[in-house]
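# Working through the structure, step by step
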Amino acid sequence: MPIRTATARWQGNLTEGSGTIKTGKGGIQGNYSFKSRFEEGEGTNPEELIGAAHAGCFSMAFSKALSDAGFTPTSVDTVAKVHMDKTDAGFSVTRIDLETQGDVPGVDESTFHKIAEDAKANCPISRLLSPGAEITLSAKLA
């Protein structure tokens, strides 16, 4: 497997400085700042990028698991809501809420939810994040 890379550059102090984030192949790049991370300023932040990675990983894992069970999904759409809170140890990502909707012909509700829970538990990004953050899942069949 290839090793994936990303880069970040920060200039200045924490509250007045700014930076850029870029994925290795340049597919995603953006500006970030104190305001985009801790307030509602323009730009991106590390937590959004974690959310994008988690939503993407889960959607692929869920699609594969559905296909392995004999249900070819038309689409899987996932939103990851990343919660960062101040804890005794400092700011921490404490919870990620995955909200997914799948258009999956032929699957019943119970099977859909079981496969979704398995995908949540087994996608590589969930396995990376779950020791430190609670991961919740809301799955809806379209």
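Each remark here, short or long, concerns the structure printed above.
Rules behind the numbers
- Residues numbered from 1 in each chain as written.
- Predicted model: local features only at pLDDT ≥ 70, side-chain atom pairs only at ≥ 80, totals over all residues.
- Heavy atoms only, no water.
- Pairing = 2+ DSSP bridges.
- Helix = DSSP H or I, 4+ residues; strand = E, 2+ residues; numbered from the N terminus.
- Axes fitted to C-alpha atoms, helices over the stretch in contact; angles between N-to-C directions.
- Salt bridge = Lys/Arg side-chain N within 4 Å of Asp/Glu carboxyl O.
- Buried < 20%, exposed > 50% of the residue type's maximum accessible area, 1.4 Å probe, protein only.
- Phe/Tyr/Trp six-rings, centres within 6.5 Å; stacked < 30°, edge-to-face > 60°.
- Parallel < 35°, antiparallel > 145°, perpendicular 65-115°, else oblique.
- Left-handed = near helix turned anticlockwise from the far one by under 90°.
- Contact = heavy atoms within 4.5 Å.
- Nonpolar A, V, L, I, M, F, W, Y, C, P; charged D, E, K, R; others polar.
- Core = buried A, V, L, I, M, F, W, Y, C linked by side-chain atoms within 4.5 Å.

Moving on, we get to the sheet that holds strand 2 (residues 18-23). The strand order across the open sheet built from 3 strands is 1-2-3, with neighbouring strands paired in antiparallel fashion. Among the strands making up the open sheet, the edge pair consists of strand 1 (6-11) and strand 3 (29-33). The mean angle between the axes of side-by-side strands here comes to 20°, regardless of whether they run parallel or antiparallel.

What follows concerns the pattern of salt bridges. In total, this model carries 6 salt bridges according to the counting rule given. Notably, a salt bridge pairs Asp68 with Lys64, separated by 2.5 Å at the nearest N-O pair. Taken together, the residues span about one helical turn, with Asp68 and Lys64 both in helix 2 (residues 46-68) at a distance of 4 residues. Of the two residues, Asp68 and Lys64, neither departs from the other in class, the shared state being exposed. Of the charged contacts in the structure, one is a salt bridge between Arg95 and Asp97, with a shortest N-O distance of 2.8 Å. Overall, Arg95 belongs to the partly exposed group, its relative accessible area being 28%. On the basis of relative accessibility, which here comes to 12%, the residue Asp97 falls in the buried class.

On to the packing of aromatic side chains. The final tally for this structure, using the stated rule, is 5 aromatic pairs. On the numbers, 5.3 Å between centres and 55° between planes, the contact of Phe38 with Phe91 is tilted. Of the two residues, Phe38 sits in helix 1 (residues 34-38) while Phe91 sits in strand 5 (residues 90-103), which places them 53 residues apart along the sequence. Residue Phe38 is classed as partly exposed on the basis of its relative accessible area, which comes to 31%.

Further remarks concern the packing of helix 2 against helix 3 (residues 109-122). Taken N-terminus to C-terminus, the directions of helix 2 and helix 3 make an angle of 130°; their axes are 9 Å apart at the nearest point. When the interaxial angle is binned, helix 2 and helix 3 end up oblique. Handedness of the helix 2/helix 3 crossing: right-handed. Contact residues: helix 2 offers Phe58, Ala61, Phe62, Ala65 and Leu66, while helix 3 offers Phe112, Ile115, Ala116, Ala119 and Lys120. Per-class residue counts for the contact of helix 2 with helix 3 are 9 nonpolar, no polar and 1 charged.

Before going further, it helps to examine the nonpolar core. In this structure, Phe58, Phe62, Leu66, Leu98, Val104, Phe112 and Leu137 are the most contacted members of the largest nonpolar core, which totals 21 residues. Among the elements of the structure, helix 2, strand 4 (75-87), strand 5, helix 3 and strand 6 (134-141) are those that each provide at least two residues to this core. When residues in this core are grouped by element, the largest group, 5 residues, is from helix 2.

Turning our eyes to something else, we now look at the sheet that holds strand 6. Strand pairing in a sheet takes place through backbone hydrogen bonds and is either antiparallel or parallel in direction. Across the sheet, which stays open at both edges, the 3 strands sit in the order 4-5-6 with mixed pairing between neighbours. At either margin of the open sheet sits one strand with a lone partner, and together these are strand 4 and strand 6. Looking at each pair of strands side by side, their axes are set apart by 15° on average, direction ignored. Relative to strand 6, strand 5 is paired through 8 bridges, and the arrangement is parallel. In the strand pairing of strand 6, Leu98 is matched with Leu137.

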